[in-house]
Amino acid sequence: MGREDRPSKAGRPSAPIGVFDSGYGGLTVLKEIMRVMPEQEYLYLGDNARAPYGTRSFDIVYRFTLDAVKYLFEQGCRLVVLACNTASAKALRNIQMLDLPKIDPERRVLGVIRPTVEKLPQLTRNGHIGVLGTPGTIQSQSYDLEIQKFFPQYTVTGHGCPMWVPLVENREADTPGADYFVEQEIRRLMRKDPEIDTIILGCTHYPLLIDKIRQYVPEGVRVVPQGEIVAESLKEYLQRHPGLTENGPSKVTYLTTESAERFGDMASLFLGKPVKAQRVEL
Ligand code: DGL
């Protein structure tokens with residue numbers, strides 16, 4: 001698909017907002033972004049053929065994410081949101097520092113970690129923060145580093161939950177089996193720092209487990225999904241940088257590197273309705 005497929009209202013090629021994830025999880029972020037800015041045009045890309053990213057090495061996540069960003073730029077996007085914590089943790093910094101200056105310094109790639117961290121002072125009372133994420137996100141210590149940079153007085157405790165993404169993707173999120181894994185990981189996190197008063201859901205799949213997570217956290221502990229925070233932050237960013245999007249039609253195109261049928265079907269888990277997707281090669 002070429003960018004000429006999407007003429008804008010003014011007859012010029014449009015510049016949709018690119019939203020990237022390793023697979024389906026970014027749909028939880030896209031859903032909130034579309035709620036906050038329904039008038040925009042979006043291009044969602046899930047690299048389902050190479051997902052999951054959560055257990056992959058730094059270099060591989062960087063390389064795969066860069067492929068996706070370049071692809072979305074070729075489709076006309078001037079702004080790409082990495083709606084994936086693992087990609088934000090392992091690839092964003094390199095792409096911003098090393099690749100964007102060479103590809104096109106006018107374009108932007110944003111992640112989900114910074115906006116979430118910036119919100120913390122409005123959420124925590126005692127500065128004890130828990131972060132739940134894929135093993136890759138937690139091992140990268142990206143949240144720890146970002147939080148320490150802005151709020152060095154905070155205590156950050158990360159914990160990887162390797163079973164949670166497979167639970168969601170295998171449609172087990174609402175089963176009693178999921179209770180076991182959710183309770184176990186919450187207990188492990190709280191054992192590391194019993195004073196935690198705010199838990200960031202640092203993986204785009206985890207909002208689908210939020211009812212169970214809330215059930216097992218101690219009373220008074222706040223559980224924070226990212227979608228809404230990222231969406232509000234993106235809206236403010238676009239108000240400050242209006243040239244990054246070009247008034248296309250208000251719509252979303254779903255692209256996947258795996259089966260379009262499977263994507264369309266699985267999307268209903270995350271969006272509440274099936275969608276029509278197109279398969280692409282990166
Ligand atoms: N979307 C990824 C994240 O937010 C999780 C899925 C994966 O491991 O690929 O970290």
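Caption draft 1: Region of interest: the site of the ligand. Looking at the ligand, the residues that line it are Asp-21, Ser-22, Pro-52, Tyr-53, Gly-54, Cys-84, Asn-85, Thr-86, Thr-134, Cys-203, Thr-204 and His-205. At 2.7 Å from an oxygen atom of the ligand is found a side-chain nitrogen or oxygen belonging to Thr-86. Contact between the ligand and Thr-204: a nitrogen atom at 2.9 Å from a side-chain N or O atom of the residue. In the complex, 98% of the free accessible area of the ligand, which totals 300 Å², lies under the protein chains. Classifying every residue of the shell around the ligand gives four nonpolar, seven polar and one charged.

Caption draft 2: Molecular detail of the packing of aromatic side chains. For the structure shown, the criterion picks out 11 aromatic pairs. With 5.4 Å between their ring centres and 35° between their planes, Tyr-24 and Phe-263 make a pair best called tilted. One end of the pair, Tyr-24, is in the loop between β1 (17-21) and α1 (26-36); the other, Phe-263, is in helix α12 (residues 260-271), with 239 residues separating them in the sequence. Each of the two residues, Tyr-24 as well as Phe-263, counts as buried. Ring geometry for Tyr-254 versus Phe-263: centroids 6.3 Å apart, planes at 40°, classification tilted. Comparing Tyr-254 with Phe-263, the two get one shared label, buried. Here Arg-50 stacks its cationic end above the ring of Phe-64, 3.8 Å away from the centre of that ring. When the ring centre of Phe-73 is taken as reference, the NZ or CZ atom of Arg-107 above it lies at 5.1 Å.

Caption draft 3: Region of the structure containing helix α4 (residues 92-103). Between its first and last C-alpha atoms α4 spans 14 Å; for 12 residues at 1.5 Å apiece the expected length is 16 Å, and the helix comes up short by more than 12%. Tucked inside the fold, the buried residues of α4 contact α2 (58-74), β3 (79-82), α3 (85-90) and β4 (108-110).

Caption draft 4: Molecular detail of unusual backbone geometry. In this chain, Ala-51 is followed by Pro-52 through a cis amide linkage whose omega measures 0°. With respect to the helices and strands, Pro-52 occurs in the loop between β2 (42-46) and α2. Positive phi outside glycine occurs at Gln-141, with the angle close to 60°. Mapped onto the elements, Gln-141 comes out in the loop between α6 (135-140) and α7 (142-150). The residue Arg-171 is not glycine, and still its phi comes out positive at about 60°. Summarising the element assignment, Arg-171 is placed in the loop between α8 (164-169) and α9 (176-192).

Caption draft 5: How the structure looks around the sheet that holds β1. Pairing in this open sheet of six strands is parallel, and the strands run β4-β3-β1-β2-β9-β10 from one edge to the other. The outermost strands of the open sheet, each flanked by one partner alone, are β4 and β10 (277-279). Neighbouring strand axes in the sheet, compared pairwise and without regard to direction, differ in orientation by 25° on average. Here strand β9 (residues 252-256) pairs with β10 via three bridges, running parallel. Opposite Tyr-254, over in β10, you have Ala-277 as the bridge partner. This element, α1, spans β1, β2 and β9 of the sheet and lies at about 170° to β2.

Caption draft 6: Looking closely at the pairing of strand β7 (residues 198-201). Both faces of β7 are covered, namely the face carrying Thr-198 and Ile-200 and the face carrying Ile-199 and Leu-201. As paired elements, strand β5 (residues 128-133) and β7 share four bridges and run parallel to each other. Paired with Gly-130 across the bridge in β7 is Ile-199.

Caption draft 7: Spotlight on the sheet that holds strand β6 (residues 155-160). The four strands lie next to each other as β6-β5-β7-β8, forming an open sheet whose pairing is parallel. With partners counted over all chains shown, the strands left at the sheet margins are β6 and β8 (222-224), one partner each. Pairwise comparison of adjacent strand axes, ignoring direction, gives a mean angle of 20° for this sheet. Summarising the sheet, β7 and β8 pair through three bridges and their orientation is parallel. Across the sheet, the residue bridging to Ile-199 is Val-223, located in β8. Helix-sheet contacts for α7 involve β5, β6 and β7, and the interaxial angle to β6 is about 165°.

What counts, and where the lines are drawn
- Residues numbered from 1 in each chain as written.
- Predicted model: local features only at pLDDT ≥ 70, side-chain atom pairs only at ≥ 80, totals over all residues.
- Heavy atoms only, no water.
- Near = heavy atom within 4 Å.
- Polar contact = N/O pair within 3.5 Å; in protein donor to acceptor, adjacent residues only side chain to side chain.
- Areas by Shrake-Rupley, 256 points an atom, 1.4 Å probe, with all protein chains shown as cover.
- Nonpolar A, V, L, I, M, F, W, Y, C, P; charged D, E, K, R; others polar.
- Phe/Tyr/Trp six-rings, centres within 6.5 Å; stacked < 30°, edge-to-face > 60°.
- Helix = DSSP H or I, 4+ residues; strand = E, 2+ residues; numbered from the N terminus.
- Buried < 20%, exposed > 50% of the residue type's maximum accessible area, 1.4 Å probe, protein only.
- Lys NZ or Arg CZ within 6 Å of the ring centre and 35° of its normal.
- Expected span 1.5 Å × (residues − 1).
- Contact = heavy atoms within 4.5 Å.
- Pairing = 2+ DSSP bridges.
- Axes fitted to C-alpha atoms, helices over the stretch in contact; angles between N-to-C directions.

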